[in-house]
Amino acid sequence: MDTPSEKPDPTQAAFDLYPEIKAMFDEFPKYRQEILPSKYWEELNRKNLQQLADSKYENFKRTLARNYFTWIVNPLNKQIRFLMREAGTWQSIKIFFAALTAPRHDLLKRKHTIFYNMLTNLLWSYVEKNDTEDHLSRLHEPLEGNPLEVKRDGKLISQDLANSLIEYEAILHPDLDRREVRTILELGPGYGRTAHVFLTLQPGCRYILVDIPPALYVAQRYLTAIFPERKVFGFRPFEQYADIQEDFEAAEILFLTPNQMELLPDKSVDLFINISSLHEMRMDQIRYYFGEIERLTSKYFYFKQWKETTVPFENETIREADYPIPADWDLVYRQQCAVQHKFFEALYAL
């Protein structure tokens, strides 16, 4: 009798499909202990690699993008209830019935299609209502990555685009001088949703994305595709900043692994961003990154995290008060997030 063939290793399958990811993983031996992925991220990386191997990069917005900040929640969720109050009864009813009758999305269950469509339309209504600078007229959901198709007045919309615009407006607070923000570094940018909004609405900025693979690979391929005219510093191994200084300083979109961030010059970043990933780390990792934030940042730091979370597999709880904010940082604001009420966000001037 023939023995059943073993299921291919998803990591090796992804490496075979995307050798650039393997080159990024080859940096791991250079990582200090504090920046090696937590056990949670080891598990999530395995899932991301499996999804890339099975469904390919071309469908990443339907697969691994859902592991970042895309929400599929039922209508009793607090986020939904808040957005329904903001939209009003009649608009909420229209959105609910439109979601109920929409075709099922590929790779999603029927009920998850309904939940995703409902939240996406409610969130978009909220953003439209509060878009005083008409940013939405300049933003479009790229077809790259095969996004879930939800349209409003014929325009493709998404949760990621709406949430990123909310974050963009929170970061560029009236008390922040936008003219001071030329170089931005985002730690843990996922596939680059927030970078897309900044690079569209602030085309004069330089954006450095720092992440572990395979997210870094997806972000690099994605942003390179949707901004083909921008000069890119793609991921590459290097041992000291002098080796890449000329190319690095000439580029507008740049991609680094976390160990490479250590090689950047002091105070070389105007704005440092972290959205929804510090709370997935142990405290020793958080303390390490806050040291790098202070070393690298010359003007502003923004972060958005769960108010309280227990890191999966680590049995370590991270609370809002645990983040090691240096005493000499000036608080611009700290508040509950507008839509995701279990999150807080804060902006500091350094």
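Before reading on, note that the structure itself is shown above.
Model, not experiment: these values are computed from the prediction.

Now for unusual backbone geometry. Residues P213 and P214 are joined by a peptide bond in cis, for which omega reads 5°. For P214, the position within the fold is in the loop between β4 (206–210) and α9 (215–226). For L107, which is not glycine, the phi torsion reads 75° and is therefore positive. Counting through the fold element by element, L107 comes out in the loop between α5 (89–101) and α6 (110–130). Using a relative accessible area of 48% as the deciding quantity, one classes L107 as partly exposed.

A separate point is the side chain of T257. Mapped onto the elements, T257 comes out in the loop between β6 (253–256) and α11 (258–261). Excluding anything up to four places from it in sequence, T257 contacts M24, E27, Y31, V210, D211, L216 and F235.

Enumeration according to the criterion identifies 22 salt bridges in this entry. We note a salt bridge from R319 to E308, for which the minimum N-O separation is 3.7 Å. Linking R319 in strand β10 (residues 316–319) with E308 in strand β9 (residues 308–311), this pair joins segments that are 11 residues apart in sequence. Through salt bridges that share partners, E27, K30 and E239 make up one connected network.

Our next topic: a positive patch on the surface. Taken together, K78, R81, R85 and K342 make up a surface patch of like positive charges. Position of K78 among the secondary structure elements: in helix α4 (residues 78–87). For K78, a relative accessible area of 56% translates into the label exposed.

The next point concerns helix α8 (residues 193–201). By the criterion of burial, α8 is predominantly enclosed, with 9 of the 9 residues buried. Among the residues making up α8, those that are buried are R193, T194, A195, H196, V197, F198, L199, T200 and L201. Buried residues along α8 sit against α7 (159–171), β3 (183–187), β4, α9, β6 and β7 (269–275).

Next up on the list: the packing of α7 against α8. Two numbers describe how α7 lies on α8: the axes approach to 9 Å, and their chain directions differ by 60°. For the crossing formed where α7 meets α8, the hand is right-handed. Counted together, D160, L161, N163, S164, L165, E167, Y168 and I171 of α7 and R193, T194, H196, V197, F198 and L201 of α8 form the full contact between these two elements. Here the residues of the contact of α7 with α8 sort into 7 nonpolar, 4 polar and 3 charged.

Conventions adopted
- Residues numbered from 1 in each chain as written.
- Predicted model: local features only at pLDDT ≥ 70, side-chain atom pairs only at ≥ 80, totals over all residues.
- Heavy atoms only, no water.
- Helix = DSSP H or I, 4+ residues; strand = E, 2+ residues; numbered from the N terminus.
- Buried < 20%, exposed > 50% of the residue type's maximum accessible area, 1.4 Å probe, protein only.
- Contact = heavy atoms within 4.5 Å.
- Salt bridge = Lys/Arg side-chain N within 4 Å of Asp/Glu carboxyl O.
- Patch = residues over 30% accessible without salt bridge, like charges linked within 9 Å, V, L, I, M, F, W, Y side chains within 5 Å.
- Areas by Shrake-Rupley, 256 points an atom, 1.4 Å probe, with all protein chains shown as cover.
- Lys, Arg positive; Asp, Glu negative; His and termini not counted.
- Charge placed at Lys NZ, Arg CZ, Asp CG, Glu CD.
- Axes fitted to C-alpha atoms, helices over the stretch in contact; angles between N-to-C directions.
- Left-handed = near helix turned anticlockwise from the far one by under 90°.
- Nonpolar A, V, L, I, M, F, W, Y, C, P; charged D, E, K, R; others polar.

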